Amino acid sequence: MSSQTLRLLICSSRKISSGKFKVVEVGARDGLQNEKRIIPAADKIELINRLSKSGLSTVEATSFVSPKWVPQMADHKEIMSKITQFPGVSYPVLVPNAAGLKNALATGNVKEIAVFGAASEGFSKKNVNSSVEESLTKLEAVTKEAIENGLMVRGYVSCVIGCPYDGNTEPKVVAQITERLLKAGCYEVSLGDTIGVGSAGSVRKMLDAVLSVAPREKLAVHMHDTYGQALANVLVAIEKGIRVADSSIAGLGGCPYAKGATGNLATEDLVYMLHGLGFDTGIDLTCLVSISEWICTKMERQNASRVASAIIANKTKAQAA
Ligand SMILES: CC(C)(COP(=O)([O-])OP(=O)([O-])OC[C@H]1O[C@@H](n2cnc3c(N)ncnc32)[C@H](O)[C@@H]1OP(=O)([O-])[O-])[C@@H](O)C(=O)NCCC(=O)NCCSC(=O)C[C@@](C)(O)CC(=O)[O-]
């Protein structure tokens, strides 16, 4: 790290006063939705139950999307009927339309949903087969109906920095869509850098535009780590007063309709940084790392979390000594 980068980080962390920070774990949904091999429902249920015991207060569980579009999430009904819902933990599920809401409500176990829109036409068409405007109209109706049924609704905006089909995204478009989702009744909007192309400069510009129309308490960030910038981007959001970030255990994931995008920021890396800054997340990092090791062994994949990899390597060395 250069001395200039180090000075910048020290300066920005001085401005950050510690306090509570909410981590939204999206591994069981965003993390698994793009896996080619179908993960058995029993493994997903065990993952969600283990994550629920780590101190996380939100564990996104699954998606009530079309099984033809995302086969990995076809077991949504089984997941919602078999997970243990721990007190103090919420289990949002993604819902794209009225059919998804109907199916989610029919389980009797869904208390929170997440609706998702995009700031780019190309991605919206590929992801939900609708233009941005058509999709927002559907999401507004779904949000209204969900709230009438007593559910909490979170909103997502995808492609807040760039789109795999349309290129760079205008910050003012992200601001307009965020405003629409908040007006529709979403209690919070998560800003997704779906393909992980953002860096501190572009994320700062995007957040400045969004913060001109929405209070920081209603915002979260959802960073993918394709270019290794996700932690720096969350730090920019923290500087701006945002206190909620999404992440995925072991850095699993990526959207099936965003080719080339890697996983989300790893939860272990995020929590390590937040604890280093003095934030209270309520999360036990040792517990997270053991879940991370378990899921990577189960899925026979390399751990994308630098923090988990370092802690596991140290443990292995200590055991061998
Ligand atoms: C939105 C649709 C359904 C439109 O898909 P469509 O084909 O236009 O839908 P349709 O209304 O024309 O219906 C076609 C068929 O699908 C059925 N159908 C229709 N809706 C549902 C439903 N909810 N559940 C189950 N079945 C459904 C419907 O009943 C019908 O069945 P058929 O008559 O052919 O047998 C489709 O495009 C879809 O499911 N897309 C979801 C894609 C997705 O899940 N992407 C990943 C999540 S977003 C993401 O990862 C980004 C995020 C959130 O993490 C943030 C970030 O990183 O940016």
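Residues numbered from 1 in each chain as written. Predicted model: local features only at pLDDT ≥ 70, side-chain atom pairs only at ≥ 80, totals over all residues. Heavy atoms only, no water.

Novice: I'd like a description of the nonpolar core, backed by residues and values.
Specialist: Note that soluble globular proteins tend to have their nonpolar side chains buried in a common cluster. Ranked by internal contacts, the top residues of the largest apolar core, which has 103 residues, are I113 and L191. At nine residues, helix 12 (residues 285-299) tops the list of elements feeding residues into this core. In contact with L191, other than residues within four places in its own chain, are V157, V160, V174, T178, M206, L207, V210, L219, A220, V221 and H222. (Core = buried A, V, L, I, M, F, W, Y, C linked by side-chain atoms within 4.5 Å. Buried < 20%, exposed > 50% of the residue type's maximum accessible area, 1.4 Å probe, protein only. Helix = DSSP H or I, 4+ residues; strand = E, 2+ residues; numbered from the N terminus. Contact = heavy atoms within 4.5 Å.)

Novice: Pulling in residues and values, what's your account of the packing of helix 11 (residues 267-276) against helix 13 (residues 306-320)?
Specialist: Contact pair helix 11 / helix 13: the axes reach a minimum separation of 6 Å and the direction vectors enclose 90 degrees. Comparing the axis directions of helix 11 and helix 13 gives the class roughly perpendicular. Contacts between helix 11 and helix 13 involve E268, D269 and Y272 from the first element and R306, V307 and A308 from the second. The residue makeup of the contact of helix 11 with helix 13, split by class, is three nonpolar, no polar and three charged. (Axes fitted to C-alpha atoms, helices over the stretch in contact; angles between N-to-C directions. Parallel < 35°, antiparallel > 145°, perpendicular 65-115°, else oblique. Nonpolar A, V, L, I, M, F, W, Y, C, P; charged D, E, K, R; others polar.)

Novice: Summarise the site of the ligand; cite the residues concerned and give the values.
Specialist: Within the structure, the ligand sits among 27 residues, and N97, N127, N129, S158 and T194 are positioned closest to it. Taking F64, its main chain carries an N or O atom lying 3.0 Å from a nitrogen atom of the ligand. Between the ligand and N129 there is a distance of 2.8 Å, counted from an oxygen atom to a side-chain nitrogen or oxygen. For the ligand, whose free accessible area comes to 1100 Å², the fraction covered by protein is 72%. A molecule is said to occupy a pocket when more than half its atoms come within 2 Å of that pocket's grid points, and by this definition the ligand occupies the second largest pocket. When contributions to the shell around the ligand are tallied by element, the ones reaching two or more residues are helix 2 (27-31), helix 5 (98-107), helix 6 (121-128) and strand 6 (152-158). At three residues, the largest contribution of residues to the shell around the ligand is made by helix 5. (Near = heavy atom within 4 Å. Polar contact = N/O pair within 3.5 Å; in protein donor to acceptor, adjacent residues only side chain to side chain. Areas by Shrake-Rupley, 256 points an atom, 1.4 Å probe, with all protein chains shown as cover. 1 Å grid on protein atoms, 1.4 Å probe; cavity = no way out; pocket = protein on both sides within 12 Å on 5 of 7 lines; lining within 4 Å. Sits in = over half its atoms within 2 Å of the grid points.)

Novice: Which residues make up unusual backbone geometry, and what are the values?
Specialist: At N129, a residue that is not glycine, the phi angle is positive and equals roughly 60 degrees. Along the polypeptide, N129 turns up in the loop between helix 6 and helix 7 (132-148). You will see that E300, though not glycine, has its phi angle at about 50 degrees, which is positive. Overall, the relative accessible area of 72% leaves E300 in the exposed class.

Novice: With reference to specific residues and values, describe empty space enclosed by the protein.
Specialist: Tallied over the full model, the rule gives one cavity of 30 Å³ or more. Its boundaries defined by the atoms lining it, the largest cavity holds a volume of some 40 Å³. Surrounding the largest cavity, F116, G117, A118, F123, S124, N127, V128, S135 and S158 form its lining. Looking at the lining of the largest cavity, the elements with two or more residues in it are strand 5 (112-118) and helix 6. Considering each element in turn, the lining of the largest cavity owes the most residues, four residues, to helix 6. Across the lining of the largest cavity, the residue classes break down as four nonpolar, five polar and no charged. (Points joined across faces, edges and corners; volume = space filled by probe spheres on them.)

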